[in-house]
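# Examination of the molecular architecture
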2 protein chains.
Amino acid sequence: MRDLSRGWRADGETVGLVPTMGALHAGHLSLVARACEENARVVVSIFVNPLQFGPREDLARYPRPIESDVSLLREAGVDAIYMPSVETMYPRGASTRVVVSGVAEPLEGAARPGHFDGVTTVVAKLFGATEPDCAYFGQKDAQQVAVVKRMARDLDLGVEIRVCPTVREPDGLALSSRNAYLDPAQRKAATILSRALSAAAEAYQGGEHDPARLKATLHEVLATEPTAEVEYAELVDPETFRPAGTLAVLAVRIGGGRQAPEARTRLIDNLDLREPYPG
Amino acid sequence: MRDLSRGWRADGETVGLVPTMGALHAGHLSLVARACEENARVVVSIFVNPLQFGPREDLARYPRPIESDVSLLREAGVDAIYMPSVETMYPRGASTRVVVSGVAEPLEGAARPGHFDGVTTVVAKLFGATEPDCAYFGQKDAQQVAVVKRMARDLDLGVEIRVCPTVREPDGLALSSRNAYLDPAQRKAATILSRALSAAAEAYQGGEHDPARLKATLHEVLATEPTAEVEYAELVDPETFRPAGTLAVLAVRIGGGRQAPEARTRLIDNLDLREPYPG
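Small disclaimer: the values here were computed from a predicted structure and weren't measured. (Residues numbered from 1 in each chain as written. Chains lettered and ligands numbered in written order. Predicted model: local features only at pLDDT ≥ 70, side-chain atom pairs only at ≥ 80, totals over all residues.)

## Regarding the overall build of chain A
Scanning chain A for helices and strands turns up ten helices and nine strands. Whereas a compact globule of 279 residues would reach a radius of gyration of roughly 19 Å, chain A reaches 19 Å, a difference of no more than 12%. Dimensions of chain A, computed from the C-alpha atoms along their principal axes, are close to 55 × 40 × 40 Å. Going through the 279 residues of chain A one by one, you find that 42% of them count as buried. Counted over contacts in chain A with a minimum sequence separation of 6, partners at least 24 positions apart contribute 68%. (Helix = DSSP H or I, 4+ residues; strand = E, 2+ residues; numbered from the N terminus. Rg over C-alpha atoms; globule rule 2.2 N^0.38 Å. Buried ≥ 20, exposed ≤ 12 C-beta atoms within 10 Å, placed from the backbone. Contact = placed C-beta atoms within 7 Å.)

This is the structure:
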């Protein structure tokens, strides 16, 4: 992979990387399309990274539709698909972690201990293996974007991080590979996230700029869906992820009260309330 | 710095990096000479990295003879000197660390908490800023070599780590910028490190392969120098730095019993007992 990338760069061609865990949807493909517009060569990595999953999370059942992923990427015209094995990425004896403090600590960092260490470690490795000029991430994972930007800057990685907008279903649901876990009733309930964000954005744009009240609006809307269990709903600064700011961030488990928490589907979404609201 | 390096590499030239903290001596210059032999372009970085010094260590008094360093490097014919400020390397808000577990934990890792996190973080940044093909380190800092190799491999950095032998004074003392702290009596006492290593190597090559007895030999020789306070003297595996192996590693404080421990000069040295012994 590195030889390929170095060959391209030696020929004066720019290289764009889109890191994914596969199970590609239109959100990923929007990143790929932008990478193809902006670079002579595009690499898409597919790696379901065990390091970023907690012990009670969905690593085993995470969807891995490799054949359809590959054919989608062929169609999109990418130059290479980098698909390392777990053994290649984490051979016996590997013991290095890239750790970001500060922005990686609250919210997703608190809810998923070790998650961002796994993300930053694998992203550093993917940058090392593919040596891109630019890498593309989705705003859907807003805190991941902030953490990866922080890492790339702090370690002088020389990779520009470009962020693409969240892609949504017509009813507002943010695209996510984890939406595949939802049954039809849950799928309907899942729109509660974008509806809560819409309500807060509408309030903000109507002149309500008090973070406590905007947060209350998020919680009020989320409370109308009885199968939704709110993990967090906050107004934070988009760079530090500390309160308060204009970025509304949500983590909600969907799936009814009878199931064990880890059997429910955990969805996240976010919206900068200064932007037009979705759904 | 990165533009310069990328320009060279785009022209098909290889780039070698010699990371230093300045206060250059013949040990550093041997790394520079080898880098010049093996690469079209050579970068030497000079950066006294605050992150790798403990709160009670010698950061403030570490020698910084910048002018003579620069003229030595000019004479050696290097292509660039990379000399970032502390503010450039660690701007406000920087919060990323590269952390190696395992090999970074015993010995120097235990004696100097946080030291190797500082080393791996700065080396990752120097690799990011200079994008070398190869980087050169001295065997004098044996555990640092093992830790940096581990990191470069684990993070797929694409930089080959090359290790050069320890350079010694005629009486066996390993060259170190910290030797400048020694007064004439201490300078004489400091030869106890290489004398201990010599004795163990002589024993090993005479057929004594029992690590416990070789370790006892190290301690016996070190005990003959009353101003030497032994921090550790072990036989370890040269890759994992766990006992037992053929690499004899020493950390000794020189400077007499009346001084506070942090005012004494801490010296390290090492020798693979399978090799010809020094001094």
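## Things to note about the nonpolar core
In terms of nonpolar packing, the biggest core is built from 136 residues, with Ala-248 and Leu-250 of chain A together with Ala-248 and Leu-250 of chain B touching the most fellow members. With sequence-adjacent residues up to four places away left out, Leu-250 of chain A is seen in contact with Leu-193, Ala-196, Leu-197, Leu-218, Ala-233, Ile-268, Asp-269 and Asn-270 of chain A. (Core = buried A, V, L, I, M, F, W, Y, C linked by C-beta atoms within 7 Å.)

## Let's talk about the sheet that holds strand 6 (residues 160-164) of chain A
All names here are of chain A. Pairing is parallel in the open sheet, where five strands are placed in the order 3-2-1-5-6. Edge positions in the sheet fall to strand 3 (80-82) and strand 6, since each of these pairs with one other strand and no more. Strand-to-strand twist of the sheet, defined as the mean angle between neighbouring strand axes without regard to direction, takes the value 25°. (Pairing = 2+ DSSP bridges. Axes fitted to C-alpha atoms, helices over the stretch in contact; angles between N-to-C directions.)

## As for the relation of the copies chain A and chain B
The two copies are related by a screw motion: chain A maps onto chain B through a turn of 180° and a shift of 0.0 Å along the axis, at an RMSD of 0.0 Å. The operation mapping one copy onto its partner corresponds to a two-fold rotation axis. Interface overlap between copies: 100% of the residues of chain A at the interface are likewise at the interface in chain B, consistent with a symmetric, same-surface contact. (Least-squares fit on C-alpha atoms with pLDDT ≥ 70 in both.)

## Section: the sheet that holds strand 7 (residues 228-236) of chain A
Residues and elements named next belong to chain A. The strand order 7-8-9 describes an open sheet built from three strands, whose pairing is antiparallel. Where the open sheet ends on each side, the last strands, each with one partner, are strand 7 and strand 9 (265-272). Across the sheet, the mean angle separating the axes of adjacent strands is 10° when strand polarity is ignored. Alignment of strand 8 (residues 247-254) against strand 9, held across eight bridges, turns out to be antiparallel. Paired with Leu-247 across the two strands is Asp-272, which belongs to strand 9. Against the sheet, helix 10 (residues 211-223) contacts strand 7 and strand 8, and its axis sits at roughly 160° relative to strand 7.

## Details of the confidence of the model for chain A
Overall, the prediction assigns chain A a mean pLDDT of 96, with 97% of residues at 70 or greater. The complex model carries a pTM of 0.96, and its ipTM stands at 0.95. (pLDDT = per-residue confidence, 0-100.)

## Here we look at unusual backbone geometry
A cis amide bond links Pro-243 of chain A to the next residue, Ala-244 of chain A, at an omega of -5°. Mapping Ala-244 of chain A onto the fold places it in the loop between strand 7 and strand 8. Notably, Asp-156 of chain B is not glycine yet its phi reads approximately 55°, a positive angle. As for its placement among the helices and strands, Asp-156 of chain B is situated in the loop between helix 7 (142-154) and strand 6 (160-164).

## Concerning the packing of helix 9 (residues 192-205) of chain B against helix 10 (residues 211-223) of chain B
All names here are of chain B. Remark: helix 9 packs on helix 10, axes separated minimally by 8 Å, with the N-to-C direction vectors making an angle of 145°. The crossing of helix 9 and helix 10 is right-handed. Counted together, Ile-192, Arg-195, Ala-196, Ala-199, Ala-200, Ala-203 and Tyr-204 of helix 9 and Leu-214, Thr-217, Leu-218, Val-221 and Leu-222 of helix 10 form the full contact between these two elements. Of the residues contributing to the contact of helix 9 with helix 10, the split by class is ten nonpolar, one polar and one charged. (Left-handed = near helix turned anticlockwise from the far one by under 90°. Nonpolar A, V, L, I, M, F, W, Y, C, P; charged D, E, K, R; others polar.)

## Notes on the interface of chain A and chain B
Opposite the 24 residues of chain A that make contact, chain B presents 24 residues. Secondary-structure elements contributing two or more residues to the side of chain A that touches chain B are helix 1 (2-10), strand 4 (96-100), helix 6 (115-130) and helix 7 (142-154) of chain A. With five residues, the single largest contributor to the side of chain A that touches chain B is strand 4 of chain A. Partitioned by chemical class, the residues of the side of chain A that touches chain B number ten nonpolar, seven polar and seven charged. For strand 4 of chain A and strand 4 (residues 96-100) of chain B, the ladder comprises five bridges, and the chain directions are antiparallel. Counterpart to Val-98 of chain A in the pairing with strand 4 of chain B is Val-98 of chain B.

## A few points about helix 7 of chain B
Residue and element names in this part refer to chain B. Its 13 residues give helix 7 an end-to-end C-alpha distance of 18 Å, which sits within 8% of 18 Å, the value for a rise of 1.5 Å per residue. With eleven of 13 residues buried, helix 7 is to be regarded as a mostly interior element. What helix 7 keeps buried is the set Ala-142, Gln-143, Gln-144, Val-145, Ala-146, Val-147, Val-148, Arg-150, Met-151, Ala-152 and Asp-154. One or two positions beyond helix 7, positive phi appears at Asp-156, with a value near 55°. (Expected span 1.5 Å × (residues − 1).)

## Topic: the domain arrangement of chain A
Interface size, as often reported, equals the accessible area lost upon joining of the parts. All names here are of chain A. One can read the domain layout of chain A as domain 1 (2-164) and domain 2 (177-272). The straight-line distance from the C-alpha centre of domain 1 to that of domain 2 is 25 Å. Taken together, the contacts link 13 residues of domain 1 with 15 residues of domain 2. At three residues, the largest contribution of residues to the side of domain 1 that touches domain 2 is made by helix 7. (Domains from an automatic or database assignment.)

## Here we look at the environment of Leu-222 of chain B
Residue and element names in this part refer to chain B. The residue Leu-222 is located in helix 10 in this model. Leu-222 sits in the partly exposed class, given 19 other C-beta atoms within 10 Å. Between the C-alpha atoms of Leu-222 and Val-252, which are 30 residues apart in sequence, the distance is 8.7 Å. Look past the residues within four positions of Leu-222 in its chain and what remains in contact with it is Ile-192, Ala-196, Ala-228, Val-230, Ala-233 and Val-252.

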